[in-house]
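Reading the structure
What follows is the residue order along each chain.
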Amino acid sequence: RRLSVKRKIVIALMIIVCFLLQSTLFQSLSLASISPNLLIILTSAYGFMKGKKEGMAVGFFCGLLEDIFFGRLLGMHALIYMYIGYANGYFNQIFYGEDIKLPMALISVSELAYGLGTYLIMFLMRSRFDFFYYLKRIILPELLYTIIVTLFVYRIIYMIDQKLEKKKDLKERIDIV
């Protein structure tokens, strides 16, 4: 199933907007230098809403954008986000849009996986073994903040996707006639 040009543009804009909000507005709203991860919310959402391929693609571009602007290792975040998007795609078959429980659970697990992946790559490889300090000071607070923001951001992502789907369905019906 190919993505329409309009859908690709909307997804690209969503990635850019989430990246800009995460790196500007939410940085100024950070609590104890912890801010929510909007790119994880977007990657996870596209994974479970649209499947493995779209989740993987959105994750790759979210991570690549983060790598280009903030990363020390080019491709590290792209790889982590890509795996997260792909893994969320496994839940596409049981996804029901109006129910917030599955998205909340998957985004929570994705944020935890992101924190652990970042710890393993960035800190453990540099012989920094204070895992519980990193868990208590960075991973869990960011997880909590991301979950709270998910309550609002996920609904916006879902509404945008539903509008794109309705327009696609309408176009397909017109093409059939």
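Procedures and definitions
Residues numbered from 1 in each chain as written. Predicted model: local features only at pLDDT ≥ 70, side-chain atom pairs only at ≥ 80, totals over all residues. Heavy atoms only, no water. Helix = DSSP H or I, 4+ residues; strand = E, 2+ residues; numbered from the N terminus. Buried < 20%, exposed > 50% of the residue type's maximum accessible area, 1.4 Å probe, protein only. Axes fitted to C-alpha atoms, helices over the stretch in contact; angles between N-to-C directions. Parallel < 35°, antiparallel > 145°, perpendicular 65-115°, else oblique. Left-handed = near helix turned anticlockwise from the far one by under 90°. Contact = heavy atoms within 4.5 Å. Patch = residues over 30% accessible without salt bridge, like charges linked within 9 Å, V, L, I, M, F, W, Y side chains within 5 Å. Areas by Shrake-Rupley, 256 points an atom, 1.4 Å probe, with all protein chains shown as cover. Salt bridge = Lys/Arg side-chain N within 4 Å of Asp/Glu carboxyl O. Lys, Arg positive; Asp, Glu negative; His and termini not counted. Charge placed at Lys NZ, Arg CZ, Asp CG, Glu CD. Phe/Tyr/Trp six-rings, centres within 6.5 Å; stacked < 30°, edge-to-face > 60°. Core = buried A, V, L, I, M, F, W, Y, C linked by side-chain atoms within 4.5 Å.

Turning next to the environment of Tyr133. Inspection of the secondary structure assignment puts Tyr133 in helix H7 (residues 131–176). For the pair Tyr133 and Tyr83, spaced 50 residues apart in the sequence, the C-alpha separation amounts to 25 Å.

A few words now on the environment of Glu54. Summarising the element assignment, Glu54 is placed in helix H4 (residues 52–70). Using a relative accessible area of 8% as the deciding quantity, one classes Glu54 as buried. Residues Glu54 and Leu144, spaced 90 residues apart in sequence, show a C-alpha to C-alpha distance of 26 Å.

Between H4 and helix H5 (residues 76–89), the shortest axis-to-axis distance is 7 Å and the interhelical angle comes to 160°. Taken together, H4 and H5 sit at an angle that is classed as roughly antiparallel. With respect to the hand of their crossing, H4 and H5 are arranged in right-handed fashion. Across the interface between the two elements, Lys52, Gly55, Met56, Gly59, Phe60, Cys62, Gly63, Leu64, Glu66 and Asp67 from H4 touch Met76, His77, Ala78, Tyr81, Met82, Gly85, Tyr86 and Gly89 from H5.

Before going further, it helps to examine a positive patch on the surface. On the surface, Lys6, Lys163, Lys166 and Lys167 cluster together to form a positively charged patch. Looking at the positive patch, the element that brings in the most residues is H7, giving 3 residues. Note on placement: Lys6 falls in helix H1 (residues 5–23).

Turning our attention to the packing of aromatic side chains. Considering all chains together, one arrives at 12 aromatic pairs under this definition. With a centroid separation of 5.8 Å and an interplanar angle of 40°, the aromatic rings of Phe19 and Phe70 are classed as tilted. Linking Phe19 in helix H1 with Phe70 in helix H4, this pair joins segments that are 51 residues apart in sequence. Since its relative accessible area comes to 53%, Phe70 is described here as exposed. Aromatic pair Tyr119 and Phe131: ring centres 5.1 Å apart, planes at 65°, arrangement edge-to-face. Here the residue Tyr119 occupies a position in helix H6 (residues 101–123), and Phe131 occupies one in helix H7, the gap between them amounting to 12 residues.

Before going further, it helps to examine the nonpolar core. Counting 42 residues, the largest nonpolar core has Leu42, Tyr46, Phe48, Met49, Tyr154 and Ile157 as its most contacted members. Contributions of two or more residues to this core are made by H1, helix H3 (38–50), H4, H5, H6 and H7. Leave out the neighbours within four places in its chain, and Phe48 touches Asn88, Gly89, Phe91, Asn92, Phe95, Pro103, Leu106, Ile107 and Tyr154.

Tallied over the entire structure, the rule returns 6 salt bridges. Glu54 is paired through a salt bridge with Arg7; the nearest N and O atoms lie 3.5 Å apart. Here Glu54, found in helix H4, pairs with Arg7, found in helix H1; they are 47 residues apart in sequence, far enough to count as distant. When its relative accessible area of 6% is taken as the criterion, Arg7 is described as buried. Put simply, Lys50 and Glu165 hold a salt bridge, and the shortest N to O gap is 2.8 Å. A residue pair is termed long-range when its members are at least 10 positions apart, and Lys50 in helix H3 and Glu165 in helix H7 qualify at 115 residues. Residues Lys50 and Glu165 agree in their burial class; the two are buried.

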